[in-house]
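Commentary on secondary and tertiary structure
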Amino acid sequence: MNGKETIIDSLEWGKAISNKEEKLKVAARIASMVKDGDIIGVGSGSTAYLALVNIAERIRRERLHILAIPTSQEIKMTCAKLGIPLTSLLEHNPDWTFDGADEIDPDHNMIKGRGGAMFKEKLLISSSPRTYIIADSSKMVTRLGTRFPVPVEVFPDALLHVEQGLKSLSPQEIKLRMAEGKDGPVITENGNLILDVRFNNIPDNLENSIKAITGVIESGLFMHYDVEILSSENL
């Protein structure tokens, strides 16, 4: 690193990107949709990262003027590295949003939140007139909960109360998400904890039932949201 470079300049995606060829196709499609003057909500995940790389190239090549509303610190820093100007929901509403997912069922219901940003992602999707979910084929499931538990963001002092409330919903398993890069549990960007909850069955009302428990900030269940799925299979 020379004297003019910063730690932001050296940022890379932290893990190997799975199904990268499929994700690159979807990322290129999202980047092609950007228009001059757009205010874009940007979700989290590796496909969103690849899309931002493509968008930054279009900004440089075509001198586009856009603003991005990030859902996570990692996306905020990625935009800073790539030279993509930022704004917030306090200043602008998005024209459209793109985001990833961990699981998507045939009715476009989703589980999100492996990156721990489900509260801001749900807020941004709810604030956006159009949302595109970008995904590779590995995200498609016939039944939600097949591969991943439902993340639940919990106010720390409410941890045991929320656990008892979740037990009334007949989960298969409740686990506190532990960190890999630090001792102790994962702490969200909002300063909260995450419980990963497995269910044998996810009924239509489960998102509302989880949110009704005092101390739950948000869950990673996204049921009946008006989204368009962009996957490598339908490009």
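Computed from a predicted structure; not experimentally measured. (Residues numbered from 1 in each chain as written. Predicted model: local features only at pLDDT ≥ 70, side-chain atom pairs only at ≥ 80, totals over all residues. Heavy atoms only, no water.)

A look at the environment of Ala56
- Secondary-structure assignment places Ala56 in helix 2 (residues 46-62).
- Exposure remark for Ala56: the relative accessible area of 1% places this residue in the buried category. (Helix = DSSP H or I, 4+ residues; strand = E, 2+ residues; numbered from the N terminus. Buried < 20%, exposed > 50% of the residue type's maximum accessible area, 1.4 Å probe, protein only.)

Quick look at the sheet that holds strand 6 (residues 131-135)
- Across the sheet, which stays open at both edges, the five strands sit in the order 2-1-3-6-12 with parallel pairing between neighbours. The open sheet has two free edges, formed respectively by strand 2 (67-70) and strand 12 (228-231), since each of these has just one partner strand. Adjacent strand axes in the sheet meet at a mean angle of 25° when their direction is disregarded.
- Here strand 1 (residues 39-42) pairs with strand 2 via four bridges, running parallel. Residue pairing across strands places Gly41 opposite Ile69, the latter belonging to strand 2.
- In the packing of helix 4 (residues 118-127) onto the sheet, the strands contacted are strand 1, strand 2, strand 3 (96-99) and strand 6, and the crossing angle to strand 3 comes to about 145°. (Pairing = 2+ DSSP bridges. Axes fitted to C-alpha atoms, helices over the stretch in contact; angles between N-to-C directions. Contact = heavy atoms within 4.5 Å.)

Here we look at helix 2
- Over its 17 residues, helix 2 extends 24 Å from the first C-alpha to the last, a length consistent with the 24 Å expected when each residue adds 1.5 Å.
- What helix 2 keeps buried is the set Ser46, Thr47, Ala48, Tyr49, Leu50, Ala51, Leu52, Ile55, Ala56, Arg58 and Ile59.
- Considering only its buried residues, helix 2 is in contact with helix 1 (20-32), strand 1, helix 3 (73-82), strand 3 and strand 6.
- One or two steps after helix 2, the chain reaches Arg63, where phi turns positive at roughly 55°. (Expected span 1.5 Å × (residues − 1).)

A closer look at the pairing of strand 9 (residues 193-198)
- In terms of residue burial, strand 9 counts as a mostly covered element, since five of its six residues are buried.
- In this sheet, strand 9 lies alongside strand 7 (residues 150-154) in antiparallel orientation, the contact comprising five bridges. Along strand 9, the bridge assignment pairs Val150 with Val197.
- Here strand 8 (residues 173-176) pairs with strand 9 via four bridges, running antiparallel. Residue pairing in the sheet places Lys175 in a bridge with Asp196 of strand 9.

Quick look at the packing of aromatic side chains
- Taken as a whole and judged by the stated rule, the model has three aromatic pairs.
- Summarising the aromatic geometry, the rings of Phe222 and Tyr225 are spaced 5.4 Å apart at their centres and angled 50° between planes, so their arrangement reads as tilted.
- Aromatic ring contacts, followed pair by pair, group Trp96, Phe98 and Tyr132 into a single cluster.
- Between Lys112 and the ring centre of Phe222, over which it is positioned, the NZ or CZ distance is 5.5 Å.
- One cation-aromatic arrangement involves Lys122 over Phe222; the distance from NZ or CZ to the ring centre is 4.6 Å. (Phe/Tyr/Trp six-rings, centres within 6.5 Å; stacked < 30°, edge-to-face > 60°. Lys NZ or Arg CZ within 6 Å of the ring centre and 35° of its normal.)

Quick word on unusual backbone geometry
- The phi angle at Arg63 is positive, at roughly 55°, despite the residue not being glycine.
- Mapped onto the fold, Arg63 is located in the loop between helix 2 and strand 2.
- Here the phi dihedral of His108 falls at roughly 70°; this positive angle occurs in a residue that is not glycine.
- Mapped onto the elements, His108 comes out in the loop between strand 4 (103-104) and strand 5 (110-111).

Overview of the side chain of Asp99
- When you line up the elements, Asp99 lands in strand 3.
- Classification of Asp99 as buried rests on a relative accessible area of 1%.
- At 2.8 Å, the side chain of Asp99 forms a polar contact with the side chain of Lys112.
- Not counting chain neighbours up to four residues away, the residues in contact with Asp99 comprise Gly43, Ser44, Lys112, Glu121, Ile125, Tyr132, Ile133 and Ile134. (Polar contact = N/O pair within 3.5 Å; in protein donor to acceptor, adjacent residues only side chain to side chain.)

Here's the deal with the pattern of salt bridges
- With the rule as written, the count across this model stands at 15 salt bridges.
- Where Glu121 meets Lys112, a salt bridge forms, and the shortest distance between an N and an O atom there is 3.2 Å.
- One network of salt bridges, in which partners are shared, links Glu57, Arg58, Arg60, Arg61 and Glu62. (Salt bridge = Lys/Arg side-chain N within 4 Å of Asp/Glu carboxyl O.)

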